[in-house]
Every structure is written in structure tokens, then in C-alpha cells.
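Single-letter residue listing:
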Amino acid sequence: MRTDQAEHYRPLLEKDPPNFCDRVNTPWDHVPDLEEYNDAAYRRIARALNHLAQSRNHESVPTSEGILILGEAGTGKTHLLMRIARNLSGTNHILFVRKPNNEDAVAQHIWANMVDSLGRSLPTSGSKKSQLDDLLAHVFTAVLIPEFEQDIQKDQDADQRRKWVKDLRADPYNLFQMLGEGERRQKNMELIRRRTLRFLQTSHPDVDQRIARVLITYCFVLAEDKKRVLRTWLSGQDVDEEEAGSLGLEPSWVKIDETSPHVSTQQQREEQALRAIRTIGILSTHYQPLVLAFDQLEGLRSHHTLSQRWGDVVREIFTMTPNLLVVTCIFPSLWESWFKQNL
């Protein structure tokens, strides 16, 4: 990270100043951007994503990689993430995670932040399509086309399958609209859900079937209120029992009764969150690498147990989840005096 010694950035700020903004808080903020500023760091991240995508095609077991960004306050770390979101999230979706606050729920915090990020609109799409819409459309299109082609070869409802393949190749977003109406739609949705889950169970046994089922359902549910319920459930929050039942969900991620100790319930949530993170990484191998960005970690200083738990969870993600570029933004002094000593 470097300072703007030649003051190339100041004229841009004066020409298009952000309203009442002296910092970038999230990658979805909109402030003036000068491409030359921190260009080396940006290009390093773009190269890493390209390398990760290429290595996935040559390795039997896809991996994740990491980049550590060290920069003092105000040198543009989150601004760099904003540029990544603006320029790269059309394919490499960015998952933005702030500092956790509960040492017993670090994995759940990370996953909930990932779901929130996936629900964000693509910055350059000019539409309401979210990163999650884009990811699922491409992932499940990549899974379904070979399945439909097998049906065509076996002459099983070949005309319908040819139409679906044509529609999906023309635009993966047709996945959300191609099932027909009424009873026919429900029948086709169940067929595709069953075929997709069977494929995932055979080809990717580490994919969590409950998470995958909800993601498939999300693709084919048109009502925004139902999509909201599905996103809420995905993030690990309990949902209304009646709403859950209408979508074929249990109201909660975990089974809770009067005999369930708090620690056991929380452990279930943490384990489920790690399975969910692993699932989204595995699914993304059918599309493009994801950027998992940790930022605003200053508050971890002096919180020894929380810092160690954060480190343990990130290590678990590196070990078990493929196809992620994990970008961590930290003050240099904080890295030297705290993280290097405690992780």
C-alpha cells in the first residue's frame, strides 16, 4: 500500500466528492476511484484469482489461496476491496467479513456475512441480480446441462431436455424461469432438485445436502418474500414455523429441546456453518473462484481467545474449503504485535 504523494487522487475527490464520507466502509460503497492508486496490490489479487482458476483445472483436489494486505489506517485497504467488487465481482464474487464479536460463534458470523454479501446486487450489472443469483445460475447450469444431455442420449423426454439445454446455454439466468407454470412447474422443480442433489451426492459427497437443497429451491422460487425467508434460513437464523413449512424447511438449523445444553446447540451451529462454507466453495468450482475478504479486524487486539478462535476457523476454511482467495486486511503494527504472536 502507498500514499498519494503526487496528489493524483485529490483532484478526483474534488471533482466527484462522496457525500459526507471520509472513508470506505464496505466494498459496496461508491467513492471516486483512481486506477493507479494501489494498482500493484489490485493486480496482485487479479493474478492470484487467475492462477487459482487455472490451477483448479489441473489439480484433482482444488485448493484455496491467501493474500495478506498490510496498510496503515487510511491507505486504502477497504477502497481496494471496493475496486475488486466493482471490477471483478461479475465473475469472482466478493464475500466481505467484518470482525466477529462472539468467540463461540465465529464460523456462524463468517457464514452470515458471506450470505449477506451474496445477497448484494452485482455492482456493474445495472439490475437487481445478486451475486447469489449469478453464482447459482452458473453453477447449476454447469451441473444440469450434462445431466440433460444424458437424458437426450437415452431419449428420455428428449424434446423438453433439448429446449432446456438450449435455454441454459443461451443464458444461465433462464434457469430461474424455464420450468413452466402451476403443477407442471412443481413437477419439473422436484425433478431438477432430485437430479442435482443426486449428482452432488455422487460427485461431491462433502456438499451439505440441506444447504444444497435450499440453494436449489432459491433458484426456482419467484416470490421475493420467499427468497427472503430462504436467505434468512441460509444465514443460520431461525425462521417462522409456518413460513418454513411452506418451503419444506425446518424452522431452525439445529434441533433444540429442553434437554439441549447451550454449548451443544452452539457447537451444532458452528459445525453447520463450516459445512455451509465448504459447500459454497465446492459449488463455486463449477464457476469461478470466490474472494473471501476479512477487514476491520482492529478490534481483535487484546482479545486473545477471540483472536485464536478466529484463526482456528480461518485455518479450517483454508484446509477444507476449495476455490477461495482469502484476502485479509490488517494494520502492519497489529500484524506484528498481535496476530503473529497469537495465531
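Everything below is about the structure shown above.
Residues numbered from 1 in each chain as written. Predicted model: local features only at pLDDT ≥ 70, side-chain atom pairs only at ≥ 80, totals over all residues. Heavy atoms only, no water.

A. View of the overall build of the chain. The helix and strand tally for the chain stands at 13 helices and four strands. Contacts in the chain between residues at least 24 apart in sequence constitute 70% of all its contacts with a sequence separation of at least 6. Taking the average place of the 43 positive charges on the side chains of the chain and the average place of its 48 negative ones, the gap between the two points comes to 4 Å. (Helix = DSSP H or I, 4+ residues; strand = E, 2+ residues; numbered from the N terminus. Contact = heavy atoms within 4.5 Å. Lys, Arg positive; Asp, Glu negative; His and termini not counted. Charge placed at Lys NZ, Arg CZ, Asp CG, Glu CD.)

B. Examining the pairing of strand 2 (residues 94-97) more closely. Residues of strand 2 alternate between two faces, with Ile-94 and Phe-96 on one and Leu-95 and Val-97 on the opposite face, all of them buried. Here strand 2 runs beside strand 3 (residues 290-294); their pairing, made up of four bridges, is parallel. Its bridge partner lying in strand 3, Leu-95 is registered against Leu-292. (Buried < 20%, exposed > 50% of the residue type's maximum accessible area, 1.4 Å probe, protein only. Pairing = 2+ DSSP bridges.)

C. A look at the pattern of salt bridges. Within this structure, the stated rule accounts for 19 salt bridges. Of the charged contacts, one joins Asp-167 and Lys-163 as a salt bridge, the two residues approaching to 2.9 Å between their closest N and O atoms. Note that Asp-167 and Lys-163 are positioned in helix 6 (residues 158-170) at a spacing of four residues, about one turn of the helix. For Lys-163, a relative accessible area of 47% gives the class partly exposed. One salt bridge in this structure joins Asp-238 and Arg-269, with 3.4 Å as the shortest N-O distance. (Salt bridge = Lys/Arg side-chain N within 4 Å of Asp/Glu carboxyl O.)

D. Seen up close, a negative patch on the surface. Negative charge collects at one region of the surface, where Asp-240, Glu-241, Glu-242 and Glu-250 lie side by side. Given a relative accessible area of 67%, Glu-242 falls into the exposed group. (Patch = residues over 30% accessible without salt bridge, like charges linked within 9 Å, V, L, I, M, F, W, Y side chains within 5 Å. Areas by Shrake-Rupley, 256 points an atom, 1.4 Å probe, with all protein chains shown as cover.)

E. Representation of the packing of aromatic side chains. Inspection of the entire model under this criterion finds seven aromatic pairs. Their ring planes at 20 degrees and their centres at 6.4 Å tell us that Trp-335 and Phe-339 sit as a pair that is stacked. With a gap of four residues between them, Trp-335 and Phe-339 both fall in helix 13 (residues 332-342), about one helical turn apart. Its relative accessible area of 23% is what places Trp-335 among the partly exposed residues. Look at Phe-339 and you get buried, because its relative accessible area is 1%. By the ring-pair criterion, three or more aromatic residues cluster together here, those being Phe-294, Trp-310, Trp-335 and Phe-339. The ring of Tyr-42 carries the charged tip of Arg-83 above its face, separated from the ring centre by 5.7 Å. (Phe/Tyr/Trp six-rings, centres within 6.5 Å; stacked < 30°, edge-to-face > 60°. Lys NZ or Arg CZ within 6 Å of the ring centre and 35° of its normal.)

F. Representation of the environment of Asp-16. Tracing the sequence through the fold places Asp-16 in the loop between helix 1 (9-15) and helix 2 (39-56). Given a relative accessible area of 41%, Asp-16 falls into the partly exposed group. Sequence separation between Asp-16 and Asp-33 is 17 residues; the distance between their C-alpha atoms is 9.8 Å.

G. Main features of the packing of helix 12 (residues 304-320) against helix 13. Here helix 12 crosses helix 13 at 65 degrees, and the two axes come no closer than 9 Å. Put simply, helix 12 runs roughly perpendicular to helix 13. For the crossing formed where helix 12 meets helix 13, the hand is right-handed. In contact with His-304, Ser-307, Gln-308 and Trp-310 of helix 12, helix 13 contributes Trp-338, Phe-339 and Asn-342. Of the residues in the contact of helix 12 with helix 13, the class split is three nonpolar, four polar and no charged. (Axes fitted to C-alpha atoms, helices over the stretch in contact; angles between N-to-C directions. Parallel < 35°, antiparallel > 145°, perpendicular 65-115°, else oblique. Left-handed = near helix turned anticlockwise from the far one by under 90°. Nonpolar A, V, L, I, M, F, W, Y, C, P; charged D, E, K, R; others polar.)

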